[in-house]
Amino acid sequence: MTTPNNTARTTPTTTVTAAPDSGAHAPEGAEAIRDARHRIDDLDGRIIGLVQERMAVSAVIQRERIASGGPRLNLSREMEVLAHYSDQLGRSGTALAMTLLELSRGRV
């Protein structure tokens, strides 16, 4: 096709993937990605459940500590938790532990 000034007009080509939402270019890859995403979704659900369970256990600890006349927080224990996550997961582990501690005891 030519335009009024006799130059050829091209249309951009698009790459069709096997599953547009996966980014895969082959059906096998799309299937593997879909399966892995289902596993991640399952893991995320389990992680959320474990975080909620951790929050409930932490509430029991805080309640018992306060009822016995102790402080709401035990900073040396929190430092142990931070060190454990850092040792296992590095710098990002520390950030994750901070988030878990905040979810479990609130902001200090």
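Residues numbered from 1 in each chain as written. Predicted model: local features only at pLDDT ≥ 70, side-chain atom pairs only at ≥ 80, totals over all residues. Heavy atoms only, no water.

If you look the chain up in an unreviewed UniProt entry, it shows as Chorismate mutase from Streptomyces noursei.

So, about the confidence of the model for the chain. Confidence in the prediction of the chain, expressed as mean pLDDT, is 86, and 81% of residues score 70 or more. The least confident element of the chain, judged by mean pLDDT, is helix α1 (residues 27-67) at 95; the most confident is helix α2 (residues 75-89) at 97. (pLDDT = per-residue confidence, 0-100. Helix = DSSP H or I, 4+ residues; strand = E, 2+ residues; numbered from the N terminus.)

Bringing the pattern of salt bridges into the picture now. Note on pairing: side chains with opposite charge can pair once their charged atoms come close. By the definition in use, this model includes three salt bridges. Across the pair D42 and R46 runs a salt bridge whose closest N-O atoms are separated by 3.4 Å. Taken together, the residues span about one helical turn, with D42 and R46 both in helix α1 at a distance of four residues. Of the residues examined, D42 reaches a relative accessible area of 43% and is grouped as partly exposed. (Salt bridge = Lys/Arg side-chain N within 4 Å of Asp/Glu carboxyl O. Buried < 20%, exposed > 50% of the residue type's maximum accessible area, 1.4 Å probe, protein only.)

With that settled, consider the layout of surface pockets. In this structure, the largest pocket spans a volume of roughly 330 Å³. Elements with a minimum of two residues in the lining of the largest pocket: α1, α2 and α3 (91-105). Sort the elements by how many residues they give to the lining of the largest pocket and α1 lands first, with six residues. Here the residues of the lining of the largest pocket are counted per class, giving five nonpolar, four polar and six charged. (1 Å grid on protein atoms, 1.4 Å probe; cavity = no way out; pocket = protein on both sides within 12 Å on 5 of 7 lines; lining within 4 Å. Points joined across faces, edges and corners; volume = space filled by probe spheres on them. Nonpolar A, V, L, I, M, F, W, Y, C, P; charged D, E, K, R; others polar.)

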